[in-house]
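# Descriptive analysis of the structure
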Amino acid sequence: MSTTFPKDFLWGTATASYQVEGAINADGRTPSIWDTFCAKPGTIIDGSSGEFADDHYHRFAEDIAIMRDLGVKAYRLSIAWPRIIPHHDGAVNQRGIDHYVRVLDALREADITPVVTLYHWDLPQYLEDRGGWANRETALHFGDYVGAVASALGDRVGIWTTLNEPWCSAYLGYGSGVHAPGVRDYAKALDAVHHLNLAHGLGVQAIRSNLGESAHTSVVLNLSVNIAASDHPEDQAAKHRADLIANEVFLGPMFEGRYDPEIFEATAAVSDWSCIKDGDLATIRQPIDTLGLNFYSTTHVRAKSNYGMQPTTDVATSAERNPMPAQEIVDVLPPEGELTAMGWNQEPEGLTTLLTEMGRRFPKLSLMVSENGSAWDDEVSEDPDQPGGRIVHDPKRVAYLDAHIKAMAAAMANGIHVTGYFAWSLLDNFEWALGYSKRFGIIRVDYASQRRIWKDSALRFKQIIAESAV
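Presented here is a report on the structure given in the accompanying data block. (Residues numbered from 1 in each chain as written. Predicted model: local features only at pLDDT ≥ 70, side-chain atom pairs only at ≥ 80, totals over all residues. Heavy atoms only, no water.)

## Focus: the pairing of strand β5 (residues 217–221)
The criterion, for reference: Three exposure classes are used, based on accessible area relative to the maximum for each residue type with a 1.4 Å probe and protein chains only: buried under 20%, partly exposed in between, and exposed over 50%. Helix and strand labels come from DSSP, where a helix needs a run of H or I of at least four residues and a strand needs a run of E of at least two; each type is numbered from the N terminus. Paired strands, in this sense, are two strands between which DSSP finds at least two bridges.
Among the five residues that make up β5, five are buried, leaving the element largely enclosed by the rest of the structure. Neither face of β5 is left uncovered, since the one carrying Thr-217, Val-219 and Leu-221 and the one carrying Ser-218 and Val-220 both have all their residues buried. Strand direction decides the pairing type here: β5 and strand β7 (residues 290–294), joined by four bridges, are parallel. Counterpart to Leu-221 in the pairing with β7 is Leu-293.

## Some remarks on the packing of aromatic side chains
We count it as follows: In this analysis, rings of Phe, Tyr and Trp, with Trp reduced to its six-membered ring, are considered paired at centre separations within 6.5 Å, and the interplanar angle assigns stacked below 30 degrees, edge-to-face beyond 60, and tilted for intermediate values.
Following the criterion strictly, the structure yields 31 aromatic pairs and no others. An angle of 65° between the planes, with centres 5.6 Å apart, marks the rings of Trp-81 and Phe-142 as edge-to-face. Taken together, the residues span a long stretch of sequence, with Trp-81 in helix α4 (residues 81–84) and Phe-142 in helix α7 (residues 136–153) at a distance of 61 residues. With relative accessibility at 1%, the residue Trp-81 sits in the buried group. Overall, Phe-142 belongs to the buried group, its relative accessible area being 0%.

## Some words on the nonpolar core
We apply this condition: Within this scheme, the nonpolar core is defined by two criteria: the residues are buried Ala, Val, Leu, Ile, Met, Phe, Trp, Tyr or Cys, and they are joined through side-chain atoms within 4.5 Å. Here a residue-residue contact requires only that any non-hydrogen atoms of the pair lie within 4.5 Å.
Trp-34 and Met-408 are the most contacted members of the largest nonpolar core, which totals 126 residues. Here the element with the most residues in this core is helix α9 (residues 186–211); it accounts for eleven residues. Setting aside anything within four residues of it in sequence, one finds Met-408 in contact with Phe-5, Phe-9, Trp-11, Leu-351, Leu-355, Val-369, Val-418, Gly-420 and Tyr-421. Ranked by size, the runner-up nonpolar core spans 14 residues in total, among them Leu-10, Ala-14, Ala-74 and Ala-375.

## Some words on the packing of helix α14 (residues 395–413) against helix α15 (residues 456–468)
Basically, it comes down to this: Where helices are involved, their axes are fitted lines through C-alpha atoms of the stretch in contact, as for all axes, and angles between N-to-C directions lie from 0 to 180°. Between 65 and 115 degrees an angle is taken as roughly perpendicular, under 35 as roughly parallel, over 145 as roughly antiparallel, and anywhere else as oblique. Note on convention: the crossing is left-handed when the near helix lies turned anticlockwise from the far helix by less than a right angle, right-handed when the turn is clockwise. In the scheme used here, Gly and all other residues not listed as nonpolar or charged are polar, with Ala, Val, Leu, Ile, Met, Phe, Trp, Tyr, Cys and Pro taken as nonpolar and Asp, Glu, Lys and Arg as charged.
Following both chains from N to C, one finds α14 and α15 inclined at 30°, their axes separated by 8 Å at the closest point. When the axis of α14 is compared with that of α15, the two are roughly parallel. Note on packing geometry: the crossing formed by α14 with α15 is right-handed. Side by side, α14 and α15 meet where Arg-397, Val-398, Leu-401, Asp-402 and Ile-405 of the first sit next to Asp-456, Ser-457, Arg-460, Phe-461 and Ile-464 of the second. Considering only residue class, the contact of α14 with α15 consists of five nonpolar, one polar and four charged.

## Thoughts on the state of the cysteines
Applicable threshold: Throughout, a disulfide means two cysteine sulfur atoms within 2.5 Å of one another.
Going through the model one piece at a time under the given rule, you end up with zero disulfides. Cys-38 carries a free sulfur, and the closest cysteine sulfur to it, the one in Cys-168, is 16 Å from it. Here Cys-38 falls in the buried class, since its relative accessible area comes to 10%. Residue classification places Cys-168 among the buried positions, given a relative accessible area of 8%.

## With respect to the sheet that holds β5
If you trace the eight strands once around the closed barrel, you get β1-β2-β3-β4-β5-β7-β10-β13, paired in parallel fashion. Taking the axes of each pair of neighbouring strands and ignoring which way they run, one obtains an average angle of 25° across the sheet. Pairing geometry for strand β2 (residues 74–78) and strand β3 (residues 113–119), over five bridges, is parallel. Looking across to β3, one finds that Ser-78 is bridged to Thr-117.

## Observations regarding helix α3 (residues 56–70)
This is how the line gets drawn: Given a helix with a known number of residues, its expected span is that number minus one, times 1.5 Å.
With 15 residues, α3 extends just 17 Å between its outermost C-alpha atoms, more than 12% less than the 21 Å of an ideal straight helix rising 1.5 Å per residue. Every buried residue belonging to α3 is among His-56, Tyr-57, Phe-60, Asp-63, Ile-64, Ile-66, Met-67 and Leu-70, and all of these are buried. Gly-71 lies just past α3 and shows a positive phi near 90°.

## A look at the packing of helix α13 (residues 349–361) against α14
Viewed as axis vectors pointing N to C, α13 and α14 meet at an angle of 30°, and their least axial separation amounts to 8 Å. It follows that α13 is roughly parallel to α14 by the angle criterion. Note on packing geometry: the crossing formed by α13 with α14 is right-handed. Note on element contacts: α14 touches α13 through His-404, Ala-407, Met-408, Ala-410 and Ala-411, opposite Leu-351, Thr-352, Leu-355 and Thr-356. Of the residues belonging to the contact of α13 with α14, the class tally is six nonpolar, three polar and no charged.

## Digging into the pattern of salt bridges
What counts, and what does not: Salt bridges are identified by distance alone: a Lys or Arg side-chain nitrogen within 4 Å of an Asp or Glu carboxyl oxygen.
Taken as a whole and assessed by the stated rule, the structure comprises 23 salt bridges. A salt bridge links Arg-29 to Asp-35; the shortest N-O distance between them is 2.9 Å. Both residues of the pair, Arg-29 and Asp-35, belong to the buried class. Where Arg-302 meets Asp-331, a salt bridge forms, and the shortest distance between an N and an O atom there is 3.0 Å. Linking Arg-302 in strand β8 (residues 299–303) with Asp-331 in strand β9 (residues 330–332), this pair joins segments that are 29 residues apart in sequence. On the accessibility criterion, Arg-302 (39% relative accessible area) is partly exposed.

## Focus: the sheet that holds β8
Across the sheet, which stays open at both edges, the three strands sit in the order β6-β8-β9 with mixed pairing between neighbours. The open sheet is flanked by β6 (226–228) and β9, the only strands paired with a single partner. With strand direction ignored, the average angle separating the axes of adjacent strands in the sheet is 40°. The pairing of β6 with β8 spans three bridges and is classified as parallel. Along β8, the bridge assignment pairs Ala-228 with Val-301.

This is how it looks when you write it as structure tokens:
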């Protein structure tokens, strides 16, 4: 990289608890919605679950050694809520706390800053049994849970992140039902949107009440980079509608203390938004330090030519159903160009656009690229010069990595305050409804043996970090 990065720039890798930890019955952990969802036939493409995953729960020391070898300065991990509060009575499970203390202490010893996500989708099943994110009580329980974690882990954590991708939790979990808990109800999806927003605000308050104003707080959003097919007013209106329901439902409340009235108008046939109570927006709009942005691809949209003829209720199958309501005027175009194994396009300039737009809109916030990566069909090669004598040559992942770091650097060159980049993912892992069929890791995991195998992308990331540190 020819770009000069600040000396304190956070180069990191990221994982999520259910995707890597395994050990779902260890040390008092109780089921999450993903344990329940995976047990239902037909929900996971390969019939798998996170029961074993990467066994990161027991192998975190080995994985931290890999991170140290990579030269990363930060590790973005998530806490498994069912490990900390395993039952509805709210009692804290000390064995769960102790595990994360060991992980954080090991990271600190390796001079790696822990960036802790408090919710990365593994909601305790006992809360889903009471309505999950469609129930306001879940947000209140989240505040209690965050308070317990903040009190217990304290200054071991460098950056606190309340939520990861609430879009997915609300819309994939309760809109299309392709993610846990598998609900297909647009009204509940919008209730979930608001309650996740409320949980964010309550979480920030809980962190500050336990650790003071100096605690570094953040949230991670997967904002859609929607690109209109043309300048035609109908295509621009389609983009605007997609932006409203995908992005503004989170950005407005969290950073401006308001929902755009157009959101209520667009979704009036689905919800009256009675879930919003007096004082909620003030609670949601908490000052935070950093906005994390997860970016993988862009979405091209145009006006739907047969507007008024598409189903807006549950008559569509999960595969056909748009996760978001009020999209009857939006036609999502098929992705073009060389697609990743996920079927996603590669348009790194979208990352430049996203960072630039958010940086200019919220100039007081620092920004982080909290996830960025690509899945490909990898093959293992013999190489006696590599650890364990094996390696994965993944030139397409290397090219994706290079292009997106350059795209981030372009935004920084234009004055956008970006403070970190986290490669998704450190390890191949459980890819939610796609099971183990897709590999995002820069380190390969042989799931049968739990052997870690380096990829060229890991070597390239190590080189980028080393060169930027000079």
